[in-house]
Amino acid sequence: MAQQKVIHFKIRRQDGPDKPSRWEEFDVPYREKLNVISCLMEIQKNPVTSSGKKTTPVVWECNCLEEVCGACTMIINGKAKQACSALIDHLEQPIVLEPLTKFPLVRDLMVDRQIMFDNLKKVHAWIPIDGTYNLGSGPRLAEAKRQWAYELSKCMTCGCCMEACPQVNSRSKFIGPSAISQVRLFNAHPTGEMNKHERLAPLLDEGGIADCGNAQNCVRACPKEIPLTTSLADLNREINKFALDRWLRK
Amino acid sequence: MSITQKPYHFLIRRVHSLLGLVPIGLFLTFHMILNLSARGGPEMYDKVIGTMRNFPGIIVVELIVIFIPILVHAIYGAWVVYTSQSNVLDYKYARNWFYIIQRISGIYTIIFIITHVYLLRFGEASFAALQHFVSNPYGLIFYALGVLLAIFHFVNGLWAFAITWGIAIGPHSQKVLSYALGIVFVLLSAVGLTDLTAFL
Ligand code: SF4
Ligand code: SF4
Ligand code: FES
């Protein structure tokens, strides 16, 4: 009888934030059109390593399973991407899975990306429309601009760009390109534009836009193909004017 | 809220970027072009150097236009290097390589400049002194690398400068700029290495 085809995995395991890490290998029976999440589910059903040792199920996160939530982001064969859209048939084996390194580890492949949400708060990445009375409808967005802005709005805070950015690390406070690109999105909106300064000002701080080192990895790592480096350069122009203007008016 | 904020961080980064071009980059270009005079032989070179040195108030000009800007750029640059973390082995993109080479060339250039100034500005500063230094093959390699990496650092820095100051925004303009700067790199390197061949 022909030997059954398997998918070979090498997974970095760690039981908790302060626990040591180790590698474990798994073989998952091959089926067509699997993705990394479906294989992790197979391992969960039967957590036995390729050498036959019983182990704990691998911990990971996922939610949408269609590459829009960003929860399943992990390092797959050296690069950060979404496990749900990483198709086995397109990956080289053994498939090496590791947790993202720029965020605090929770367990195995699960990390805490809270810092990205904190950064969005820092740069006021929203449009305040709450008031004590009805503000009425806002200005319209031209269709061409809406289509353009839609591209920027596709960010799912997944962290691929943070992982790829050499300026995001434990020695630097850089908030990373995604939050900065959101500033461009909200400042482009006719209502959002009214609070432009509230989003530009935090970018002048330590960890702000000036900490970008122009390695341009982010734009290539982004699964949503958001033009991050264009956002950065465009905001550079904006923020230089903003900083100079603010200083001259002091 | 934003009024109480003190954006010194932003300011020092922008000053760092600006100093790289004015005056440091411009000085580098001027310096290399002037040194072409070395091709005219020892007498001509020593004469040019002598004229520069005896310029009234040259030390003040040197301090303001050369030493202080380089010192500020180098010290803050060292901090920039410290806060980076290369991942070029996982993300092998050309720009990522440039990013790391920019940092390596910066460090190398600091070491090179210290040697270079020690040797030629406060040392004898003569044709013979440099000739002696590069007669040793290691000395020659050290010098040639110093010239090339300093030029790389300047030219690649110009690319980042165009982004930092919001001049080249889209990917197309950034790409065209990198090709144009490639030509500048070749031209400046030709000048720099021609300077050096005069001492062989
Ligand atoms: S361009 Fe800036 S934000 Fe993007 S990866 Fe490079 S340093 Fe990070
Ligand atoms: S910008 Fe792209 S890579 Fe970065 S968090 Fe958003 S979707 Fe992910
Ligand atoms: S599960 Fe949502 S992006 Fe993969």
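Our subject in this report is the structure included herewith. Given the structure is predicted, the values throughout are model-derived calculations rather than measurements.

By the bridge criterion, 9 bridges tie strand E1 (residues 6-14) of chain A to strand E2 (residues 21-29) of chain A in an arrangement that is antiparallel. Bridged to A:Arg13 within E2(A) is A:Arg22.

Moving on, we get to empty space enclosed by the protein. Space left empty within the atom packing is revealed by a probe, the size of a water molecule, rolled over the atoms. All names here are of chain A. As enumerated under the stated definition, the model contains 3 cavities of 30 Å³ or more in all. Forming the boundary of the largest cavity are 16 residues, of which Cys-212, Asn-214, Ala-215, Gln-216 and Cys-218 lie nearest the centre. At the level of elements, helix H7 (217-221) and helix H8 (228-248) are the ones that each hand at least two residues to the lining of the largest cavity. Class assignment of the residues belonging to the lining of the largest cavity gives a composition of 10 nonpolar, 6 polar and no charged. Volume-wise, the second largest cavity comes out at about 80 Å³. Looking at the second largest cavity, it is lined by 14 residues, and the ones nearest its centre are Cys-155, Cys-158, Cys-161, Ser-178 and Cys-222. Within the lining of the second largest cavity, the residues separate by chemical class into 10 nonpolar, 3 polar and 1 charged.

If you walk through the whole model with that rule in mind, you get 13 aromatic pairs over all chains. Each residue in the set B:Tyr108, B:Phe112, B:Phe133, B:Phe142 and B:Tyr143 is aromatic and connected to the rest through ring pairs, giving one cluster. Note that A:Lys79 overlies the ring of B:Tyr91, its terminal NZ or CZ placed 5.6 Å from the centroid. In this structure, A:Arg220 packs its charged tip against the face of B:Tyr93, placed 3.9 Å from the ring centre.

This next bit is on the interface of chain B and chain A. Contacts between the two partners involve 33 residues from chain B and, on the opposite side, 39 residues from chain A. At the boundary of chain B and chain A, one finds 1 salt bridge. Among the salt bridges present, the one from B:Arg13 reaches A:Asp211, with a minimum N-O distance of 3.4 Å. Seen at the junction of chain B and chain A, the total is 18 residue pairs in polar contact (both at pLDDT 80 or more). Mapped by element, the contributors of at least two residues to the side of chain B that touches chain A are helix H1 (8-34), helix H4 (94-120), helix H6 (137-164) and helix H7 (171-197) of chain B.

Attention shifts here to the site of ligand 2. Residue and element names in this part refer to chain A. Surrounding ligand 2, one finds 14 residues, the nearest of these being Cys-155, Cys-158, Gly-159, Cys-161 and Cys-222. Here ligand 2 is seated within the second largest cavity. Across the shell around ligand 2, the residue classes break down as 10 nonpolar, 3 polar and 1 charged.

On to the site of ligand 1. Within the structure, ligand 1 sits among A:Cys165, A:Gln167, A:Phe174, A:Pro177, A:Cys212, A:Gly213, A:Asn214, A:Ala215, A:Gln216, A:Asn217, A:Cys218 and A:Leu232. One can see that ligand 1 is located within the largest cavity.

Next up on the list: the packing of helix H6 (residues 196-203) of chain A against H8(A). Residue and element names in this part refer to chain A. For the pair H6 and H8, interaxial distance at closest approach is 10 Å and the crossing angle is 95 degrees. As far as their axial angle goes, H8 and H6 are roughly perpendicular. For the pair H6 and H8, the contacting residues are Lys-196, His-197, Leu-200, Ala-201 and Leu-203 in the first and Leu-235, Glu-238, Ile-239, Phe-242 and Arg-246 in the second. A class-by-class count of the residues in the contact of H6 with H8 yields 6 nonpolar, 1 polar and 3 charged.

The next point concerns the sheet that holds strand E3 (residues 73-76) of chain A. Residue and element names in this part refer to chain A. In spatial order, the strands read E2-E1-E5-E3-E4; together these 5 strands make up an open sheet with mixed pairing. Only two strands of the sheet have a single neighbouring strand rather than two, namely E2 and strand E4 (79-82). Mean inter-strand twist for the sheet, computed between neighbouring axes without regard to direction, equals 35 degrees. Across 2 bridges, E3 lies against strand E5 (residues 95-98) in antiparallel orientation.

Here we take up the packing of H6(B) against H7(B). Residue and element names in this part refer to chain B. Between H6 and H7, the shortest axis-to-axis distance is 9 Å and the interhelical angle comes to 155 degrees. The pairing of H6 with H7 is recorded here as roughly antiparallel in orientation. Considering how the two elements wind past one another, H6 and H7 form a crossing that is right-handed.

It is worth spelling out the pattern of salt bridges at this point. All names here are of chain A. Taken as a whole and judged by the stated rule, the model has 16 salt bridges over all chains. Between Arg-146 and Glu-143 there is a salt bridge, with its nearest N and O atoms 2.8 Å apart. Taken together, the residues span about one helical turn, with Arg-146 and Glu-143 both in helix H3 (residues 143-153) at a distance of 3 residues. Judged by its relative accessible area of 36%, Arg-146 is partly exposed. On the accessibility criterion, Glu-143 (43% relative accessible area) is partly exposed. Close ionic contact of Arg-184 with Asp-234 constitutes a salt bridge, the shortest N to O distance being 3.2 Å. Residue Arg-184 is located in helix H5 (residues 177-188), and its partner Asp-234 is located in helix H8; the two are separated by 50 residues in the primary sequence. Owing to a relative accessible area of 25%, Asp-234 belongs among the partly exposed residues under this scheme. Linked by salt bridges that have partners in common, Arg-13, Asp-15, Arg-22, Glu-24, Arg-107 and Asp-108 make up one network.

Quick notes on the rules
- Residues numbered from 1 in each chain as written.
- Chains lettered and ligands numbered in written order.
- Predicted model: local features only at pLDDT ≥ 70, side-chain atom pairs only at ≥ 80, totals over all residues.
- Heavy atoms only, no water.
- Pairing = 2+ DSSP bridges.
- Helix = DSSP H or I, 4+ residues; strand = E, 2+ residues; numbered from the N terminus.
- 1 Å grid on protein atoms, 1.4 Å probe; cavity = no way out; pocket = protein on both sides within 12 Å on 5 of 7 lines; lining within 4 Å.
- Points joined across faces, edges and corners; volume = space filled by probe spheres on them.
- Nonpolar A, V, L, I, M, F, W, Y, C, P; charged D, E, K, R; others polar.
- Phe/Tyr/Trp six-rings, centres within 6.5 Å; stacked < 30°, edge-to-face > 60°.
- Lys NZ or Arg CZ within 6 Å of the ring centre and 35° of its normal.
- Contact = heavy atoms within 4.5 Å.
- Salt bridge = Lys/Arg side-chain N within 4 Å of Asp/Glu carboxyl O.
- Polar contact = N/O pair within 3.5 Å; in protein donor to acceptor, adjacent residues only side chain to side chain.
- Near = heavy atom within 4 Å.
- Sits in = over half its atoms within 2 Å of the grid points.
- Axes fitted to C-alpha atoms, helices over the stretch in contact; angles between N-to-C directions.
- Parallel < 35°, antiparallel > 145°, perpendicular 65-115°, else oblique.
- Left-handed = near helix turned anticlockwise from the far one by under 90°.
- Buried < 20%, exposed > 50% of the residue type's maximum accessible area, 1.4 Å probe, protein only.

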